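Understanding the architecture of this molecule
Listed below are the residues making up each chain.
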Amino acid sequence: MIILYRGEIGESVVKINNLMLNSRLLTAIITNNKAMKNVASFICFCFMLFILSVTEMTGQNGKSWSAPVQAVEKLSKDKSGFIYSEEKVPSYTLPDLLISGKGTKITSTDMWNTIRRPEILELFRENVFGKVPETKYNETFRIVRLDQNSMGGTAIEKQIEILIQSSGKSLSFSMTLFTPKNAGHPVPVFLLIDPWLADTTGPHWMQKDEYWPVDAALKRGYGMAVFSTIPLDPDNFDDFKNGIHGLLDKSPRPSDAWGTLAAWAWGASRCLDYLITDKDVAADKVAVAGHSRAGKTALWAGAQDTRFAMVISNESGAGGAALARRRFGETVARLNSVFPHWYCSNYSKFNNNEDKLPVDMHMLLALTAPRALYIDCADEDLWGDPKGSYLSLYYAQPAYKLFGLNPGLSLNMPPLNQQVISSKIGFHIRDGVHNLLLRDWNCFMDFADKVLK
Ligand code: GTR
């Protein structure tokens, strides 16, 4: 088992190892010469000092992250009435990931795939995200824009219209896809679920945008796809009359009917339906990604659709990666009152009643196993409970272990700005506020270089 802590200058760890080898050789030569022994000791001493200082910079001995005092104070004023310090987290017991509803201990991948995984999926459908209706529909794709010389001639850009038709009604939404022009082979692609940008088409805004850094990804050999969730299902409560709900829902809606996040996750799968047909895309190397509410969605999309090779959930917080039972920052009750359309209505049964949830979010993360999973948080984003998100990942590990993978995460959170890449799991917490930045993407790509390429 190897755990890599990569700081922003993490590569120096490799250099230190080389230096250590060279120094051992040098020491072997000079210890035969008495006159040089003192000089040798002095050199060794200086070398150790050097190692210590570099180690300090790379943070190999860095302190495990804890919530910054100023952020606790600020949030306690700005959004009072919620928990922002570890001392206030109530004691809780998580549902056992590897004990089935009937009390059977899950000990093999076969038992996981046939008993526990379907059971956990169903629990999330019934109690959290809701079920997709069984209404029949037709799906067609149309490339409505093709630019073979996009991004200054470095990329192929496509805009794909995805048309859904059912019972004489229809709805369309679109995805934009960039792939490197001269890759010479199908490339791994990041599919971003995007609820904020009204217009995701055309290269005008993406060239510089940190949130979806097309240029940086293309240079590293990745394709970038994005779809706007707005035409698929607008992010407002209208009693599910608009978007895909209006097209596919049965009336009356049951209490476990899909909410908006489940609709977006479904949309991600429809995008994947197209991506796996595109000759420029490596069908078995598509990662689904999202920030915040879309990070919650990415987890659910990846949990349900195992064709996604990798899931990236950026600062997804409550109702996403963060453990609900900790009630740290945003809570289930708050989610359901401010965003009543995001989850199924059964979820509100657990408002201020988290211990009764038959699942917690480590089980959602475990549904990605044995595929690649990346969780990241921001230092000042206590509302999204960074520690609860890390713990969720920690408690998802037994599912990975069933597959012979051993991420070996420890209960202590990694230090600030130090990426952890271990087996198929990646994590970082960076300084700063709630956002999706190029720095985050660079970490995702470093991870993907190891597990996806
Ligand atoms: C916050 C919300 C979170 C998170 C975020 C976002 O206000 O409380 O659950 O999803 O918004 O999506 O930006």
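What follows covers the pairing of strand β3 (residues 155–166). Taken across its twelve residues, β3 has nine buried, putting it largely inside the fold. Bridge count between strand β2 (residues 138–149) and β3: nine bridges; the pairing is antiparallel. Residue F141 lies in a different strand from β3, and its bridge partner there is I162. Bridging between β3 and strand β4 (residues 169–180) involves twelve bridges; their strand directions are antiparallel. Looking across to β4, one finds that E161 is bridged to S174.

Quick look at the site of the ligand now. By nearness alone, every residue bordering the ligand is listed as W196, S292, R293, K296, E330, L335, F339, W342, W383 and H434. One nitrogen or oxygen atom from the side chain of S292 is found 2.8 Å from an oxygen atom belonging to the ligand. Here R293 contributes a side-chain N or O atom positioned 2.6 Å from an oxygen atom of the ligand. In the complex, 83% of the free accessible area of the ligand, which totals 310 Å², lies under the protein chains. Per-class residue counts for the shell around the ligand are five nonpolar, two polar and three charged.

Attention now goes to the environment of A282. The topology assignment puts A282 in strand β7 (residues 281–291). Given a relative accessible area of 9%, A282 falls into the buried group. Separated by 60 residues in the primary sequence, A282 and Y222 place their C-alpha atoms 10.0 Å from one another. If we ignore the near neighbours within four places in the chain, the residues touching A282 are P186, V187 and P188.

Here we come to the nonpolar core. Across soluble globular proteins, nonpolar side chains show a tendency to be buried alongside one another. Grouped together as the largest cluster of nonpolar side chains are 95 residues, with contacts concentrated most on F124, L191, I244 and L275. No other element matches helix α8 (residues 260–275), which puts eleven residues into this core. Excluding anything up to four places from it in sequence, F124 contacts F129, G130, W300, V359, D360, M361, M363, L364 and L367. Within the second largest apolar cluster, 29 residues are counted, among which are A217, Y374, L436 and L452.

This paragraph deals with the packing of aromatic side chains. Summed over all chains, the structure comprises 21 aromatic pairs. Relative to F240, the ring of F237 lies with its centre 6.0 Å away and its plane at 90 degrees, an arrangement referred to as edge-to-face. Note on F237: relative accessible area 46%, which makes it partly exposed. Owing to a relative accessible area of 12%, F240 belongs among the buried residues under this scheme. Taking the centre distance of 4.9 Å and the plane angle of 85 degrees together, the rings of Y394 and Y395 count as edge-to-face. Here the aromatic residues F190, Y222, Y374, W441, F444 and F447 are joined through ring pairs into a cluster of three or more.

Following both chains from N to C, one finds helix α4 (residues 109–129) and helix α9 (residues 293–304) inclined at 140 degrees, their axes separated by 11 Å at the closest point. Note that α4 runs across α9; the crossing there is left-handed. Residues R117, L121, F124, R125 and F129 of α4 lie in contact with α9, whose contacting residues are K296, W300, G302, A303 and Q304. In terms of residue class, the contact of α4 with α9 is built from five nonpolar, two polar and three charged.

Attention now goes to α8. Here α8 contains 16 residues, and its C-alpha end-to-end distance of 23 Å stays within 8% of the 22 Å for a straight helix at 1.5 Å per residue. Where burial is concerned, most of α8 is hidden: 16 out of the 16 residues are buried.

Our focus in this paragraph is the pattern of salt bridges. Taken as a whole and judged by the stated rule, the model has 31 salt bridges. Because the salt bridges share partners, they merge into one network encompassing E139, R270, D273, D305 and R307.

Along strand β11 (residues 425–430), six of the six residues are buried, which leaves the element largely enclosed by surrounding structure. Where strand β9 (residues 372–378) meets β11, six bridges bridge the pair, whose relative direction is parallel. Looking at β11, one finds that I375 is bridged to F427. Of the pairings in the sheet, the one linking strand β10 (residues 419–422) to β11 comprises three bridges and is antiparallel in character. Its bridge partner being in β11, V420 is matched across the sheet by F427. Between β10 and β11, which pair antiparallel one after the other, the connecting turn spans two residues, and S423 there sits at a positive phi close to 55 degrees.

Take the packing of α8 against α9 next. Contact pair α8 / α9: the axes reach a minimum separation of 8 Å and the direction vectors enclose 60 degrees. By the criterion of interaxial angle, the relationship of α8 to α9 is oblique. When you trace α8 past α9, the crossing you get is right-handed. Side by side, α8 and α9 meet where L261, A262, W264, A265 and A268 of the first sit next to R293, K296, T297, W300 and A301 of the second. A class-by-class count of the residues in the contact of α8 with α9 yields seven nonpolar, one polar and two charged.

Scoring rules and cut-offs
- For every chain, the first residue of the written sequence is number 1, and numbering continues from 1 along that sequence.
- The predicted nature of this model means local features are confined to residues of pLDDT at least 70 and side-chain atom pairs, given and counted, to a pLDDT of 80 or more, with totals for whole chains, interfaces and linings taken over all residues.
- The side-chain quantities take in all heavy atoms of the structure and omit both hydrogens and water.
- Each residue is assigned to one of three classes by its accessible area relative to the maximum for its type, calculated with a 1.4 Å probe on protein chains only: buried under 20%, partly exposed between the two thresholds, exposed over 50%.
- Helical segments are the DSSP runs of H or I of at least four residues, strand segments are the runs of E of at least two, and each set is numbered from the N terminus.
- Between any two strands, at least two bridges found by DSSP are needed for them to pair.
- Being near a molecule or strand, for a residue, means having at least one of its heavy atoms within 4 Å of it.
- N or O atoms within 3.5 Å of each other form a polar contact, as long as, within protein, one can give a hydrogen and the other can take it, and as long as residues adjacent in sequence are counted only when both atoms are side-chain atoms.
- Per-residue and other accessible areas were derived by the Shrake-Rupley procedure at a 1.4 Å probe size, with only the shown protein chains allowed to occlude residues.
- All residues other than Ala, Val, Leu, Ile, Met, Phe, Trp, Tyr, Cys, Pro, Asp, Glu, Lys and Arg, Gly among them, are scored as polar; the first ten of these are nonpolar and the last four charged.
- Throughout, a residue-residue contact means that at least one pair of heavy atoms, one from each residue, lies within 4.5 Å.
- We define the nonpolar core as a collection of buried residues of types Ala, Val, Leu, Ile, Met, Phe, Trp, Tyr and Cys that are connected through side-chain atoms lying within 4.5 Å of one another.
- The criterion for an aromatic pair is that two Phe, Tyr or Trp rings (for Trp, the six-membered ring) have centres within 6.5 Å, with stacked assigned to planes under 30 degrees apart, edge-to-face to planes over 60 apart and tilted to the rest.
- All axes here are fitted lines through C-alpha atoms, helices being fitted over the stretch that makes contact, and every angle between N-to-C directions spans 0 to 180 degrees.
- It is the rotation of the near helix from the far one that decides the hand of a crossing: anticlockwise by less than a right angle makes it left-handed, clockwise makes it right-handed.
- To estimate the expected span of a helix, count its residues, drop one, and scale the result by 1.5 Å.
- Salt bridge, as used here, is a side-chain nitrogen of Lys or Arg placed within 4 Å of a carboxyl oxygen of Asp or Glu.
- The cut-offs work like this: below 35 degrees is roughly parallel, past 145 is roughly antiparallel, 65 to 115 is roughly perpendicular, and the gaps in between are oblique.

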